[in-house]
Amino acid sequence: MNEYRTIDLEEEKNELGKIEISPEVIEVIAGLAASEVEGVHSLRGNFAAGVVERLGRKNHGKGVKVELGEEGVTIDISVTLRYGVSVPEVARNVQTNIQQALQTMTSITLQSINIHVLGIQFEVTEDMDEQ
């Protein structure tokens with residue numbers, strides 16, 4: 001049901017009309033901001049997102065869930081990190097990068113940004129591929 005809701009930017013109303021932002025736009029911005037952070041290997045989506053991507057359509061919102069609540073916008077993002085990084089530090093950097101990107105691009109205020117670390121990706125060397 002939430003996918004048809006939009007976020008009205010009250011402070012951005014002017015004589016030309018109102019501005020609305022779809023949750024899918026927030027998903028894309030948050031996904032791109034998270035993938036830019038050093039130490040993030042990938043974002044993890046659900047099964048349907050994987051099928052869509054295999055069919056040739058790039059899903060930039062993969063692994064990102066946006067909920068529009070009464071208190072504000074909540075973002076849940078699922079990531080896989082690279083082996084050897086500090087998990088709390090990378091998670092904080094992801095939260096900060098998403099918050100800054102959304103503030104700059106949309107002016108919306110967030111209730112929370114929840115990071116779910118689903119795995120650690122080890123570096124694959126060519127020696128391991130040959131075995």
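Shown above is the structure to which this text applies.
Counting restarts for each chain, with residues numbered from 1 along the sequence as it is written. It should be noted that, the model being predicted, local features are given only for residues of pLDDT at least 70 and side-chain atom pairs only at 80 or more, the latter also being counted only at that level, while totals for whole chains, interfaces and linings use all residues. The basis for the side-chain values is all heavy atoms of the structure; hydrogens and waters are excluded.

A. View of the overall build of the chain. Per the secondary structure count, the chain includes 4 helices and 6 strands. Only DSSP runs of H or I covering at least 4 residues are called helices, and only runs of E covering at least 2 are called strands; the numbering of each starts at the N terminus. Along the chain, helices and strands appear, N-terminal first, in the series β-β-α-β-α-β-β-α-β-α. Only protein chains enter the area calculation, which uses a 1.4 Å probe; residues under 20% of their type maximum are buried, those over 50% are exposed, and those in between are partly exposed. For the chain, the proportion of its 131 residues judged to be buried stands at 31%. By definition, residues are in contact when any of their heavy atoms lie within 4.5 Å. For the chain, contacts bridging at least 24 residues in sequence account for 66% of all contacts bridging at least 6. Accessible surface computed for the chain: about 8,800 Å², of which carbon and sulfur atoms make up 49%. Method for areas: the Shrake-Rupley scheme with a 1.4 Å probe, in which residue coverage is limited to the protein chains shown.

B. Spatial organisation of the nonpolar core. Membership of the largest hydrophobic core comes to 27 residues, with the highest contact counts inside it found for I26, I75, I77, V94 and I98. Elements with a contribution of two residues or more to this core: α1 (23-35), β3 (40-43), β4 (64-68), β5 (73-82), α3 (87-106) and β6 (110-121). Ranked by residues supplied to this core, first place goes to α3 with 6 residues. If we ignore the near neighbours within four places in the chain, the residues touching I26 are I7, I21, V66, I75, L102 and I108. To define a nonpolar core, start from buried Ala, Val, Leu, Ile, Met, Phe, Trp, Tyr and Cys residues and group those joined through side-chain atoms within 4.5 Å.

C. Up close: the pairing of β6. Paired strands are those between which DSSP finds at least two bridges. Summarising the sheet, β5 and β6 pair through 10 bridges and their orientation is parallel. Bridged to I75 within β6 is I113. In this region the chain leaves β5, passes through α3 and returns to the parallel neighbour β6; the handedness of that crossover is right-handed. A crossover counts as right-handed when, viewed with the strands pointing away from the observer, the path leading from the first strand over the helix to the second turns clockwise.

D. Fine view of the side chain of T80. Along the chain, T80 falls in strand β5. The class of T80 is buried, set by a relative accessible area of 5%. Leaving out residues up to four positions away in the same chain, T80 has contacts with V40, H41, S42, R44, G119, I120 and Q121.

E. View of a nonpolar patch on the surface. A surface patch of nonpolar side chains, about 460 Å² in accessible area, is lined by Y83, V87, V117, I120 and F122. The topology assignment puts V87 in helix α3. Taking relative accessible area as the criterion, V87 reaches 33% and is therefore assigned partly exposed. Patches were defined on residues exceeding 30% relative accessible area and lacking a salt bridge, with like-charge contacts within 9 Å and nonpolar side-chain contacts (Val, Leu, Ile, Met, Phe, Trp, Tyr) within 5 Å. Whenever Lys or Arg places a side-chain nitrogen within 4 Å of a carboxyl oxygen from Asp or Glu, that contact is recorded as a salt bridge.

F. Looking closely at the pattern of salt bridges. The tally for this structure, following the rule as stated, stands at 3 salt bridges. Of the charged contacts, one joins E67 and K65 as a salt bridge, the two residues approaching to 3.0 Å between their closest N and O atoms. For R82, the salt bridge is made with E123, and the minimal N-O distance between the two is 3.8 Å. Within this pair, whereas R82 is found in strand β5, its partner E123 is found in the loop between β6 and α4 (126-130), the two being separated by 41 residues in sequence.

G. The arrangement of the environment of E24 in detail. Along the chain, E24 falls in helix α1. Given a relative accessible area of 36%, E24 falls into the partly exposed group. Distance in space between the C-alpha atoms of E24 and T6 is 9.3 Å, their sequence separation being 18 residues.

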